[in-house]
Amino acid sequence: MIGVKVGDKLIALYNVAGRIYATDNVCTHAFAVLSDGWLDGAEIECPLHAGRFDVATGKGLGPPIPSDLKTYKTRVVGDEVQIAVAD
Ligand code: FES
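Residues numbered from 1 in each chain as written. Predicted model: local features only at pLDDT ≥ 70, side-chain atom pairs only at ≥ 80, totals over all residues. Heavy atoms only, no water.

## Looking at unusual backbone geometry
- Between Pro63 and the following residue, Pro64, the backbone shows a cis peptide bond with an omega angle of 5°.
- Tracing the backbone through its elements, the reader meets Pro64 in the loop between strand S6 (52–54) and strand S7 (71–72).
- The backbone of Ala17 shows a phi angle near 55°, a positive value even though the residue is not glycine.
- Given a relative accessible area of 84%, Ala17 falls into the exposed group.
- Within the chain, Ala50 stands out as a residue other than glycine whose phi angle is a positive 65°.
- Residue position: Ala50 is located in the loop between strand S5 (43–45) and S6. (Helix = DSSP H or I, 4+ residues; strand = E, 2+ residues; numbered from the N terminus. Buried < 20%, exposed > 50% of the residue type's maximum accessible area, 1.4 Å probe, protein only.)

Structure follows, in C-alpha cells:
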C-alpha cells in the first residue's frame, strides 16, 4: 500500500491479491494517515487507535470508527494506476 496526493486529496492505494483499491488516506476518527498503518488482507488498520476499515467498500469495522471511508474507482492502464476522483 502507498499514499499518494491527487490534487488536494490524500488517497491510499492498496494492492489486495493484485487488485488495486483506493480510499481516502485520512482516518475518519482523528488525523492519522492510513497508509502508515497495517494492511491485513482487505482490511486496513489505522496506526493511531487501531480502527479498521474494509478497503474495498470503505466500511468502518467497529469502534472507534465513527463513519466509513470514501472510496474511489481505480483502473490499471499499462504501468499507471488511474483513480477516478471527480465528484
Ligand atoms: S485515528 Fe484512526 S482509529 Fe483513531
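What follows continues from the structure just given.
## Notes on the sheet that holds S6
- Strand order in the open sheet formed by three strands is S4-S5-S6, and the pairing between neighbours is antiparallel. Either end of the sheet is taken by a strand with one partner, and the two such strands are strand S4 (38–40) and S6. Within the sheet, the average angular offset between the axes of one strand and its neighbour, ignoring direction, is 25°.
- As paired elements, S4 and S5 share three bridges and run antiparallel to each other. Counted as the bridge partner of Trp38 is Glu45 from S5. (Pairing = 2+ DSSP bridges. Axes fitted to C-alpha atoms, helices over the stretch in contact; angles between N-to-C directions.)

## Remarks on the pairing of strand S2 (residues 9–16)
- Relative to S2, strand S1 (residues 2–6) runs antiparallel, the two sharing five bridges. Bridge pairing in S2 places Ile2 opposite Leu13.
- Between S1 and the antiparallel strand that follows it, S2, lie two residues; Gly7 among them carries a positive phi value of about 60°.
- Linking S2 back to strand S3 (residues 19–24) in an antiparallel pair, the connection comprises two residues, with Ala17 at a positive phi of about 55°.

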